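So the chains spell out like this:
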Amino acid sequence: MQNRRVVLAAHVDGFPKVSDFAVDSVDQADPADGEVLIRNHFVSVDPGMRGRLSGQASYTAPVPLGDVVGSATVGRVIASRNPAFAEGQWVAGAFGWQDLGLSNGRGIRRIPEGPIPPSAHIGVLGIPGLTAYFGLLDIGRPQPGETVLVSTAAGAVGSAAGQIAKIQGARVVGIAGGPAKCRWLTEELGFDAAIDRHAESDMAAAVARECPDGVDVFFDNVGNSLVDPVLPLMRLHGRIIVSGQTADYNLRPDEQVGLKNTRSFITARLKMQGLVVFDYAKDFPKAWAELSAWILDGRLRFREDIVEGLEALPGAFVGLFQGENFGRKLARLTT
Ligand SMILES: NC(=O)c1ccc[n+]([C@@H]2O[C@H](COP(=O)([O-])OP(=O)(O)OC[C@H]3O[C@@H](n4cnc5c(N)ncnc54)[C@H](OP(=O)(O)O)[C@@H]3O)[C@@H](O)[C@H]2O)c1
C-alpha cells in the first residue's frame, strides 16, 4: 500500500512558502504483531508547527528535511494486530500530514462514537481546546464579572478560551481580523464585544473603548506587539496568559517587538505566565469530560475551516499567518 505525505522540502526562513513543502509517496509496511494501521481522515494545521520547521531546536525537536510535517490527526483503524483496537475504531493521534499512520498503540487515543464529530477531537477537544481550558482556568482564573480579553478570538484556541470565560461568568472581549469573524464572536458565541484588528490604528484606544473598566485577564495568542499596548489597561492583580506568539513566529529575534510598559507589572501587581499544554496531560480526561459536556449543552461552540486533500495543506499553513482561517484549520484527506 502507498502512503502519500507532505514532507519538508526546505527549512522555513521567515514567512512560510508553499514551495517549502513537497508531496511524495512511500511504501507502507503492514502492521506487525501488536500494531495498528490507521487511515487519517483529518489532519490539523497549526501556527505552533512553525517552530519545528526552521531546523532550530525549540521545546520540540525540529523536523529534518524530507520528513513528514507533524500535526494532530484523526482517523480510523484499517488493519489491526492489537487487541485493544478494532478495525473501524476512530482514533486521535499525531501522525502528521500523511494518509496513513502505523502505531503500536502508544500515542493514539480511542475516540467515542457519538454526537460530537471525530474532527472535534483534534480541535475543541484537542490541543487547542485544552490550551484554552488550562490556560484560562489554571492561569487566568477569571471571576464572575471580571473582564477577559482574548486575541485571535475567532481561531481554534481563542474561540474556546472566550466561551470558557463566558461560562465562568466573565465579560468577554475578543480581538479578531475582519468584520465577519467579529460578528460571529458577538452574534453566535456570546462575546460581549469584538475588536476588528484591521479596522483599528490604535489598539490601546480600541481595547480601552471596549474594556472601559480595564482588563482583568488577557489570554494572548499574538505576542508582545499586542501585550505591550494592553499592559497599561490591565486592572489590579491582572493576569496575562502567554498562550502563543503568532505574530512573532516568522520574525527573526531582532525583528520582534519587546515590552516597554513594564511598570504596569508593579503598579497593578500583574502576573504574566506562559504554558505548554502537555504539562497538564494527567488532567486531560477531566478537561475532555467538562469540554464535552459544554459542547453537548450548547455552551461551547466551534467552527472548522476545512480544505480538501494533502495538496492543499501548505497553502492552508501559509494562510494562517494572513488570518485566512476562520476557526479550526483542518484538511480532510478522505471521507
Ligand atoms: N501554549 C501552548 O501549549 C499552545 C498550544 C496550542 C496552541 N498554542 C498557540 O495558540 C495560538 C493560536 O493557535 P490556533 O491553532 O488557535 O490558531 P488560530 O488562532 O486558529 O489561527 C491563527 C490566527 O492568528 C491570527 N494572526 C495571524 N498572523 C497574525 C499577526 N501577524 N498578528 C495578529 N494576529 C495574527 C489570525 O487571526 P485574526 O486574523 O482573526 O486575528 C489567524 O487566523 C498560536 O500562537 C499557537 O501557537 C499554544
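Note: the structure precedes this text.
Undergrad: What exactly am I supposed to notice about the site of the ligand here?
TA: The environment of the ligand is made up of 28 residues, and the closest members are Val157, Arg197, Thr246, Leu275 and Asn325. Interatomic distance of 2.5 Å between a side-chain N/O atom of Asn325 and an oxygen atom of the ligand. If the ligand stood free it would expose 940 Å²; the protein chains cover 90% of that surface. Of all the elements in the fold, those that place two or more residues in the shell around the ligand are α1 (127-140) and α2 (156-167). Here the shell around the ligand is composed, by residue class, of 13 nonpolar, 13 polar and two charged.

Undergrad: I'm lost on the pattern of salt bridges in this one. Help?
TA: Pairing between side chains becomes possible if they bear opposite charge and their charged atoms approach one another. Under the criterion given, the structure shown has 20 salt bridges. Across the salt bridge formed by Arg328 and Asp46, the nearest N and O atoms sit 2.9 Å from each other. Taken together, the residues Arg328 in strand β15 (residues 328-332) and Asp46 in the loop between β3 (36-44) and β4 (73-80) connect sequence positions 282 residues apart. Accessibility classification places Arg328 together with Asp46 in one group, the buried group.

Undergrad: I'm lost on α2 in this one. Help?
TA: Each full turn of the α-helix corresponds to 3.6 residues, which orients residues three or four apart in the same direction. Taking 1.5 Å per residue, twelve residues should reach 16 Å; α2 reaches 17 Å between its end C-alpha atoms and fits that length. Burial in α2 covers these residues: Val157, Gly158, Ser159, Ala160, Ala161, Gly162, Gln163, Ile164 and Ala165. In this structure, the buried residues of α2 make contact with α1, β8 (147-150), β9 (171-176), α3 (179-188), β11 (215-220) and α7 (284-296). Backbone geometry just after α2 places Gly169 at a positive phi near 90°.

Undergrad: Would you take a moment to explain α1 for this structure?
TA: In terms of burial, α1 is a largely internal element, eleven of the 14 residues being buried. Buried within α1 we find Pro128, Gly129, Leu130, Thr131, Ala132, Tyr133, Phe134, Gly135, Leu136, Ile139 and Gly140. Two residues or fewer after α1 comes Arg141, characterised by a positive phi angle close to 45°.

Undergrad: Sorry if this is basic, but what is going on with the environment of Leu300 here?
TA: Along the chain, Leu300 falls in the loop between α7 and β14 (304-308). Linking Leu300 and Gln163, residues 137 residues apart in sequence, is a C-alpha distance of 6.1 Å. Those residues in contact with Leu300 that sit more than four places away from it in its chain are Val124, Ala160, Gln163, Leu291, Trp294 and Ile295.

Undergrad: Help me understand the environment of Ile175, please; the structure alone is not making it clear to me.
TA: Residue placement: Ile175 occurs in strand β9. Among the residues examined, Ile175 registers a relative accessible area of 2% and is labelled buried. As for Ile175 and Leu8, which are separated by 167 residues in sequence, their C-alpha atoms are 32 Å apart. Here Ile175 is in contact with Leu149, Val150, Ser151, Thr152, Ala153, Ile195, Arg197, Met203, Val207 and Leu226, once residues within four sequence places are set aside.

Undergrad: I tried to follow the side chain of Lys181 on my own but got confused; where do I start?
TA: On the secondary structure map, Lys181 appears in helix α3. Buried and without a salt bridge, Lys181 has Asp305 as its closest oppositely charged side chain, separated by 7.4 Å. A polar side-chain atom of Lys181 sits 2.8 Å from the main-chain carbonyl oxygen of Gly323. Only 2.9 Å separates the side chain of Lys181 from the backbone oxygen of Asn325, close enough to count as a polar contact. Aside from chain neighbours lying at most four places away, what touches Lys181 is Ala154, Ala176, Gly323, Asn325 and Phe326.

What counts and how
- Residues numbered from 1 in each chain as written.
- Predicted model: local features only at pLDDT ≥ 70, side-chain atom pairs only at ≥ 80, totals over all residues.
- Heavy atoms only, no water.
- Near = heavy atom within 4 Å.
- Polar contact = N/O pair within 3.5 Å; in protein donor to acceptor, adjacent residues only side chain to side chain.
- Areas by Shrake-Rupley, 256 points an atom, 1.4 Å probe, with all protein chains shown as cover.
- Helix = DSSP H or I, 4+ residues; strand = E, 2+ residues; numbered from the N terminus.
- Nonpolar A, V, L, I, M, F, W, Y, C, P; charged D, E, K, R; others polar.
- Salt bridge = Lys/Arg side-chain N within 4 Å of Asp/Glu carboxyl O.
- Buried < 20%, exposed > 50% of the residue type's maximum accessible area, 1.4 Å probe, protein only.
- Expected span 1.5 Å × (residues − 1).
- Contact = heavy atoms within 4.5 Å.
- Lys, Arg positive; Asp, Glu negative; His and termini not counted.

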